[in-house]
Amino acid sequence: MKQLNHLGQYQETKSCILTIGTFDGVHLGHQKILESLVREAKQKDLFANVLTFFPHPRMILQQDQSIKLIDTMEEKKEALHALGIDHLIIHPFSERFSRLSALEFTRNILIDQLHASKVIVGYDHRFGRNREATAEDLKGLGSTYNFEVSTIAPQEVSSIAVSSTKIRAALTAGNIETANKYLNRPYQIRGKVVEGDRIGRTISFPTANIKVESTYKLLPAKGVYLVTILYEGEKIYGVMNYGIRPTLKATEPSLEVHLFNFNNDFYGQTLVISLLLKIRDEQKFDSLSALKDQIEKDKAFCLKHIEQNF
């Protein structure tokens, strides 16, 4: 997959099948669109291309810097690469770009720049200045400019239409299993292992303290989670605590992982943590001894769950 950082870098002349969107989470609904795109592009010997935007449009149009996204751009790239996309075009979103009319966007970008012979979008796709145009409008423009438009209905899980908004809500509530079902993969957090206070070692539960480097990455509800990491090709299970550690009278949220039967020093390395299950909410204990007893129970619960389900 070739990554391009703005539309001007795209110099191909062969036609493409294209999809457009922010693709936050690259969830089941997105996957259905992308798999259809790749399959048809291969059949017709066309490029399978994705046009996405960064920063997220809400960060620019609504000045909403508080928005948290399911995937970092790096995670999004990995997911799209795995699906077989040929070109990922990450165009900088700006107020000027947002002022393009639907007609200008279609003529100048879809046709003149990207040579789209087909555009695949979700049923609720909107585009152009003030999101003025719908998927039906795009079909009309397709008739004018001789390209095909296909719309994909929402993908459903247990009769619920999957969306990035619903996944963010599930993560915020700590419903990791629901989020993972909608994503069709475990939700991941990546960050660098940094020096901590080493209190975990004093109670025989050493932890890797994780600094999440992306400021816009959505973190789940505070609590304790069953997780895995992949280290040198080996899947290693553990527990992750995300919260303010009230037993230790901390005030700033922190994220730390204790891995089962594994003692390697990870300082300075970047770990990718896959969340599988929320075990419990964060609690305040009367002593470190009581905290240690609870961690023992958490570990026993996790090991039993792993034995029964994985």
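Residues numbered from 1 in each chain as written. Predicted model: local features only at pLDDT ≥ 70, side-chain atom pairs only at ≥ 80, totals over all residues. Heavy atoms only, no water.

Caption draft 1: View of the sheet that holds strand E16 (residues 270-280). Around the barrel, which closes on itself, the six strands sit in the order E11-E12-E15-E14-E13-E16 with antiparallel pairing between neighbours. Pairwise comparison of adjacent strand axes, ignoring direction, gives a mean angle of 45 degrees for this sheet. This element, helix H8 (residues 176-183), spans strand E11 (187-194), strand E13 (223-231) and E16 of the sheet and lies at about 125 degrees to E16. (Pairing = 2+ DSSP bridges. Helix = DSSP H or I, 4+ residues; strand = E, 2+ residues; numbered from the N terminus. Axes fitted to C-alpha atoms, helices over the stretch in contact; angles between N-to-C directions. Contact = heavy atoms within 4.5 Å.)

Caption draft 2: Region of interest: the nonpolar core. Ranked by size, the top nonpolar core spans 31 residues in total, and within it Met240, Ile273 and Leu275 carry the most contacts. Of all the secondary structure elements, the ones that give two or more residues to this core are helix H7 (164-172), H8, E11, strand E12 (208-211), E13, strand E14 (234-243), strand E15 (254-259) and E16. Ignoring sequence-local partners within four residues, the contact set of isoleucine 273 consists of Tyr187, Gln188, Ile189, Ile210, Val227, Thr228, Ile229, Met240, Leu255 and Val257. One finds Leu18, Ile20, Phe47 and Ala135 within the second-largest nonpolar core, a separate group that totals 28 residues. (Core = buried A, V, L, I, M, F, W, Y, C linked by side-chain atoms within 4.5 Å. Buried < 20%, exposed > 50% of the residue type's maximum accessible area, 1.4 Å probe, protein only.)

Caption draft 3: A look at the sheet that holds strand E1 (residues 2-4). The six strands are arranged E1-E4-E3-E2-E5-E8 in an open sheet whose pairing can be described as parallel. A single partner strand is all that each edge strand has here, and the edge strands are E1 and strand E8 (148-152). Sheet twist, expressed as the mean angle between neighbouring strand axes with direction ignored, is 20 degrees. Examined bridge by bridge, E1 and strand E4 (residues 87-92) share three bridges and lie parallel to one another. Within E4, the residue paired with glutamine 3 across the bridge is leucine 88. Here helix H1 (residues 28-44) sits on the sheet in contact with strand E2 (16-20), strand E3 (47-54), strand E5 (116-122) and E8, set at roughly 170 degrees to E2.

Caption draft 4: Spotlight on the environment of cysteine 302. By secondary structure assignment, the location of cysteine 302 is in helix H10 (residues 288-309). Owing to a relative accessible area of 0%, cysteine 302 belongs among the buried residues under this scheme. The spatial distance from the C-alpha of cysteine 302 to the C-alpha of tyrosine 225 is 9.1 Å, given a sequence separation of 77 residues. The residues contacting cysteine 302, other than those within four sequence positions of it, are Leu226, Val239, Phe260 and Ile279.

Caption draft 5: Summary view of the packing of helix H5 (residues 102-113) against helix H6 (residues 135-145). Where H5 meets H6, the closest approach of the two axes is 11 Å, and the angle between their N-to-C directions is 55 degrees. Looking at the two axes, H5 sits oblique to H6. Here H5 and H6 pass one another in a crossing that is right-handed. Contact residues: H5 offers Ala102, Leu103, Thr106, Arg107, Leu110 and Ile111, while H6 offers Leu138, Leu141 and Tyr145. (Parallel < 35°, antiparallel > 145°, perpendicular 65-115°, else oblique. Left-handed = near helix turned anticlockwise from the far one by under 90°.)

Caption draft 6: Local environment of the pairing of E16. Where E11 meets E16, six bridges bridge the pair, whose relative direction is antiparallel. In the sheet register, tyrosine 187 faces E16, and the bridge partner there is leucine 275. The pairing of E13 with E16 spans six bridges and is classified as antiparallel. Across the sheet, residue valine 227 finds its bridge partner in E16, namely leucine 275.

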